[in-house]
Amino acid sequence: MYKILGMKQIIAWLPQIVLIAGIWTAVNGLLHTIAVLAGEHGKQYDRDLLRLLTDGLLLVLIGTVLILCFTGIRGNDGKTIYIALAAVSAALIYCAMIWPFLKSVGTMLVHLITLIVIILWILKK
């Protein structure tokens, strides 16, 4: 079944998919933080600024975790895949929480694809 659907090839790319998701997320977190600090919110330290900076920090943290998972997943470390699963799930939950305010279609899609490939990898085992 995996051969017919090409799933074996997709699963083989899992380390790179996780790395790309990590870079995407960390860069978006950095850009978010820069934009917040450069904009109106960055002029005064208050609750709104703190919340927006926390959003950027969360994205950078999730992205960094995914980047660090690359080597473990490439080495077929089963524990690392569950760390990546937790990080990707956290990113999807975050996207769902901010959806009414910001439709993060790109970030949601990147993490949804990563989640699907992780689940396929787990089911393959």
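Structure shown above.
Report on the accompanying structure. (Residues numbered from 1 in each chain as written. Predicted model: local features only at pLDDT ≥ 70, side-chain atom pairs only at ≥ 80, totals over all residues. Heavy atoms only, no water.)

1. So, the overall build of the chain
Reasoning step 1: Counting secondary structure elements, the chain contains 6 helices and 0 strands.
Reasoning step 2: From first element to last, N terminus to C terminus, the chain shows the α and β order α-α-α-α-α-α.
Reasoning step 3: Expressed as a percentage of the 125 residues in the chain, the buried residues total 34%.
Reasoning step 4: Counting contacts in the chain only where the partners sit at least 6 residues apart, residues at least 24 apart contribute 65% of the total.
Reasoning step 5: With an accessible surface of roughly 7800 Å², the chain has 73% of that area assigned to carbon and sulfur atoms.
Reasoning step 6: The centroid of the 10 positive side-chain charges in the chain is displaced by 21 Å from the centroid of its 5 negative side-chain charges. (Helix = DSSP H or I, 4+ residues; strand = E, 2+ residues; numbered from the N terminus. Buried < 20%, exposed > 50% of the residue type's maximum accessible area, 1.4 Å probe, protein only. Contact = heavy atoms within 4.5 Å. Areas by Shrake-Rupley, 256 points an atom, 1.4 Å probe, with all protein chains shown as cover. Lys, Arg positive; Asp, Glu negative; His and termini not counted. Charge placed at Lys NZ, Arg CZ, Asp CG, Glu CD.)

2. Description of the pattern of salt bridges
Reasoning step 1: For the coordinates displayed, the defined rule picks out 2 salt bridges.
Reasoning step 2: Lys43 serves as the salt-bridge partner of Glu40, at 3.0 Å between the closest nitrogen and oxygen.
Reasoning step 3: Residue Glu40 is classed as exposed on the basis of its relative accessible area, which comes to 62%.
Reasoning step 4: When the shortest N-O distance is used, the salt bridge between Arg51 and Asp55 registers 3.0 Å. Of the two residues, Arg51 and Asp55 are both situated in helix H4 (residues 47-74); the distance of 4 residues between them amounts to about one turn of the helix.
Reasoning step 5: Accessibility expressed as a relative area gives 13% for Asp55, which makes it buried. (Salt bridge = Lys/Arg side-chain N within 4 Å of Asp/Glu carboxyl O.)

3. Let's talk about the packing of helix H5 (residues 78-98) against helix H6 (residues 105-124)
Working note: a packed helix pair is described by the angle between its axes plus the distance between those axes.
Reasoning step 1: Two elements in contact, H5 and H6, have axes whose closest approach is 9 Å; the angle formed by their N-to-C orientations is 150 degrees. Classified by the angle between their axes, H5 and H6 sit roughly antiparallel to one another. Where H5 crosses over H6, the handedness of that crossing is left-handed. Here Gly78, Ile81, Tyr82, Ala84, Leu85, Val88, Ser89, Ala91, Leu92, Cys95 and Ala96 of H5 come into contact with H6, specifically with Thr107, Met108, His111, Leu112, Thr114, Leu115, Ile118, Trp121 and Ile122. (Axes fitted to C-alpha atoms, helices over the stretch in contact; angles between N-to-C directions. Parallel < 35°, antiparallel > 145°, perpendicular 65-115°, else oblique. Left-handed = near helix turned anticlockwise from the far one by under 90°.)

4. Overview of the environment of Ala26
Reasoning step 1: Here Ala26 shows up in helix H3 (residues 14-38).
Reasoning step 2: Classification of Ala26 by relative accessible area gives buried; the value is 11%.
Reasoning step 3: Sequence spacing of Ala26 and Ile11 is 15 residues, and the spatial spacing of their C-alpha atoms is 23 Å.

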